[in-house]
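Residue-level structure breakdown
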Amino acid sequence: MKTKLLLIDAYALLYRSHFAFSKNPRTTSTGINTSSIFGFTNSLLEVVFRYEPQYLGVAFDTGEPSVRHEAFFAYKAHRQAMPEELAAAIPYCHELLEALKIPILSMAGYEADDVIGTIATQAAHQNITVLMFTPDKDYAQLVNDHIFWLRPGNKDRPEELLDRDAVKEKLGISPEQVADWLGLRGDASDNIPGVPKIGEKTALELLQQFQNLEEIIQNTHRITKKSVRETLETNADLGILSKKLATILIDVPVTLDLPALAICDPDWQRLKAILTQLEFKTLSARLTGKYANFVKTITSSHTNNPNPTLFSALPFPAIQNGTSSPQQELFSNTEKNILNYPHQYFLCSTESECEKLVEQALQQPLFCFDTETTSLNIAEAELVALTISFEAGKAYCILFPADDSQTRKKIELFRKIFTNPNCLKIAQNISYDMHILQKYGINVCQPFYDTMLAHYILDSDSKHNMDFLSQKYLSYIPVSIESLIGKKGKKQLSMRHVETHKLVEYACEDADVTLQLYHKFEEQFNLPELHAPKYILENIELPLVPVLNDMESTGIKIDISFLQAYSAELAAESSVLEQTIYELAGEQFNISSPKQLGVVLFEKLGIASGKKTPTGQYSTDEEVMQQLLGSHPIVEKLLDYRELIKLRSTYVDALPMLVNSRTGRVHTTYNQAVTSTGRLSSQNPNLQNIPIRTLRGKEIRKAFIAEKGCKLMAADYSQIELRIMAALSQDSNMIVAFAKHADIHTETAAKVFGVPPEQVNAEMRRKAKTINFGIIYGITPFGLAQRLTIKKSEAQAIIDAYFEQFPGIKKYMLSSIERTRVSGYAETMLGRRRYLKDIHSANATIRGFAERNAINAPIQGSAADMIKLAMINLHKALIKNNLKSKIILQVHDELLLEIPETEIEIVKQIAEKTMVEAMPLPNVPVEVSVGIANNWLDAH
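Structural notes, computed from the coordinates.

What counts, and where the lines are drawn
Residues numbered from 1 in each chain as written. Predicted model: local features only at pLDDT ≥ 70, side-chain atom pairs only at ≥ 80, totals over all residues. Heavy atoms only, no water. Helix = DSSP H or I, 4+ residues; strand = E, 2+ residues; numbered from the N terminus. Contact = heavy atoms within 4.5 Å. Buried < 20%, exposed > 50% of the residue type's maximum accessible area, 1.4 Å probe, protein only. Axes fitted to C-alpha atoms, helices over the stretch in contact; angles between N-to-C directions. Parallel < 35°, antiparallel > 145°, perpendicular 65-115°, else oblique. Left-handed = near helix turned anticlockwise from the far one by under 90°. Phe/Tyr/Trp six-rings, centres within 6.5 Å; stacked < 30°, edge-to-face > 60°. Pairing = 2+ DSSP bridges.

Right, let's talk about the side chain of Ser567 for a bit. With respect to the helices, strands and loops of the structure, Ser567 is situated in helix α23 (residues 560-585). Sequence-distant contacts of Ser567, defined by excluding residues within four places in its chain, comprise Arg648, Val652 and Asp653.

Structure (structure tokens):
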């Protein structure tokens, strides 16, 4: 039997299935929408039966920001949120795949494309034939002699299996040029900008004339059309950035584990239970019949021929002559989606009806509320409707006019209920609703409750939107927003223009469903075993909401003139560097072209260790260039040049465009329910990602300034994650080092390298610092060797010496993994949990990732808990002391405040005290460094 590895792009097929059923969705008798699950599973089975792979993996995105978000603020920023009924299907697909024992492939910080690209490339190096099953044209760039793009069919075309020649025939370019093509024309679905005014046709013409984007930029003088030439010369950096965003990575830190991808017998008992729940009778018969026989044949071939003959010829049956694709037959015989949920929804039209509702609400111990607005952008949003519910199945809707003064008059009727300290106010993503009401002068007082945050505490790795939660916990599919206003675009309606009866039904349903979710979640939180997570919700996450709202509303001032001047400075510096690089190379070439750069470095200059990628050109990525430092003066200049280009395009030129014209400040939005560990994240823009590691990067922080008459105060926890590691492990040597306020990296170096602290040199301290922070993330000898550019054996020796001197750390790491194996979750010092089901995975790579999270989650999560408590207590103290100072930014372990000059001393004392006392560590002192200046950089 021929050896084949099938890799499936999960989300691409799920979306395809979702839209195929959009007009006639499948649902179970309990209301679960199974459209995507059914189509996805059927597609998977069909392709497996047709191509009979021995090895199979399904790749999912993790939902976390990827390396591309670091390269470009706006990457995928305009992409619509996943349809909530589709999001609700994901956990079921995971369960099905786990029951089928089909490995789920993903890696935090990377997209499914990158994981597939890396594994496919590694398999190709072993002469294994790889099929990538996806409709996404981006994958065409990976096609080579061993890797094939299997493109699902639709009603307009049959399924296609594309090799190199087929890609060129279909797209008009070779696989090696696909990323260049996307870099030129852009990709609206991923918000990749491309080169302005360059469309698909022009991009193809250019790539038929030149080999790649870099060559095009180098030879713009040969382009006859003036408009094309000028836009390329003006936007060269944007084109290069776009190509980078469109390029699928093939060096993700995952390793091909072929045996773990082998098709094997499913867990039939678990599979049967899932199929019964989803009411998949036909699918159940196919799985227990045809699929079971297929598995038996495949596993037999593994046994009889453990080393099958590898091959490189195209081994698959062609589908041609316009015959219909088997996939077309999967999307038929669907049942109508009928929801039968009894409810009473009322419209309160008159002032008298509103007053009666307020009187009734004031008598309740709790109520749920929701707002409907004209926009998700708080600065632009106008209030359209307010809904209130305090009884399951019953809700009341109040509509507001476009006239702002009339809306303000009407909302005043409800001030009493939102400022009632004796009533619990409940909402889904309450922060948004609080922002909206604040625009109309109403501050929602405590106590309040957020069902999104509640679910985040119960299962941080899951989805937390209302529609997903409704389907999961209530088996109910709410009315979709798209059914009211349509999809995003010019034709999308405003909520103000939705028919009244539809708006009332939709708005009331939101409040009703959220109220029922509250009761479901409280049932769980009242279980004795969830006492600690309940503490996290009630004492950290909920009290943090008004703190973040205040920070978001305040924003931070930006010095635009400084950024403009700095941009010009970087441009001039990059121009000088460019000339220096040409002189060192002995010729002019396109520095941004990996191909041209590789030839210059490894052929002309003869620098050793030139490694070629599967496309045949030399690798010149960041990792390679770092390893080449010291081998030739040009390498350092090239790294400097790359840093300049990235800083200028990604930050210096981008930040001024993000300033709010009304306030003159930048307003970020903090996400409480995104990261798995409890850390806050920031978006629109991400101010937690402002560079700090290099001098040029640090300079950007000078642009963040205080208002006239004020200063910025930076209060930063000192090495807090290492201190938490010491507290959790109770390692005596580490505790002693912190107790005597020594430099922990110097102390570590002294112990690891066996010298007195005064004899520790800079190189020893650097290595010790790397391992100190690497240990927190479960670093391996291979990983340490890469970071320190040393041999793996030397890295192993350093790690062994480290654990010999700090035995408590080793004990903590092993016990953390074992506790997680038993309980299924890692836990912070205060009880925040992260569930790690992959801790039992048969795939060594996936299991190893979970084990590293078992070590790191308690440390990173405890640090998150600490700074959140500090923010809450500091915010309260500033209000209690009638101070005008404000917390304006939170970046990892640092708080940034804007303070009037008259309040400097008192605020400094309060900030230090609240941060140190936020969460005491057993036997380990907590230290905070405070700096004050006119700008963020100088405050450090």
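What follows covers the environment of Gly848. By the element assignment, Gly848 lies in helix α35 (residues 844-880). Since its relative accessible area comes to 13%, Gly848 is described here as buried. Measuring from C-alpha to C-alpha, the distance between Gly848 and Gly778 comes to 9.2 Å, with 70 residues separating the pair along the chain.

Turning next to the packing of helix α2 (residues 35-51) against helix α4 (residues 84-100). In the contact formed by α2 and α4, the axes pass within 9 Å of each other and the chain directions differ by 40°. Between α2 and α4, the angle falls in the class oblique. Considering only the axes of α2 and α4, their crossing is right-handed. Of the residues in α4, those in contact with Ser36, Ile37, Phe40, Thr41 and Leu44 of α2 are Leu86, Ala89, Tyr92, Cys93, Leu96 and Leu97.

The way to describe two aromatic rings as a pair is by their centre distance and the angle between their planes. Summed over all chains, the structure comprises 19 aromatic pairs. With centroids separated by 5.6 Å and ring planes inclined at 90°, the aromatic side chains of Tyr11 and Phe60 adopt a geometry described as edge-to-face. With a gap of 49 residues between them, Tyr11 in helix α1 (residues 10-20) and Phe60 in the loop between β2 (55-59) and α3 (67-71) connect regions that are remote in the sequence. Take Tyr11: its relative accessible area is 15%, and that puts it in the buried class. Aromatic pair Phe369 and Phe418: ring centres 4.9 Å apart, planes at 75°, arrangement edge-to-face. With Phe369 in strand β8 (residues 366-373) and Phe418 in helix α16 (residues 415-418), this residue pair connects regions lying 49 residues apart in the sequence.

Attention shifts here to the environment of Thr580. Relative to the helices and strands, Thr580 is located in helix α23. The partly exposed category is assigned to Thr580, whose relative accessible area is 24%. Along the chain, Thr580 and Tyr476 lie 104 residues apart, while their C-alpha atoms are 65 Å from each other.

Let us now look at the side chain of Thr451. Tracing the backbone through its elements, the reader meets Thr451 in helix α18 (residues 451-458). Look at Thr451 and you get buried, because its relative accessible area is 0%. Residues in contact with Thr451, not counting those within four places in the same chain, are Ile426, Ala427, Gln428, Leu469, Thr514, Leu517, Tyr518 and Phe521.

Right, let's talk about the sheet that holds strand β14 (residues 665-666) for a bit. As summarised here, the arrangement of the three strands in space is β14-β13-β17, forming an open sheet in which the pairing is antiparallel. Across the chains shown, the open sheet's two edge strands, defined by having one partner strand only, are β14 and β17 (704-705). Across two bridges, strand β13 (residues 556-558) lies against β14 in antiparallel orientation. Among the inter-strand pairings, Lys557 is bridged to a residue of β14, identified as Arg665.

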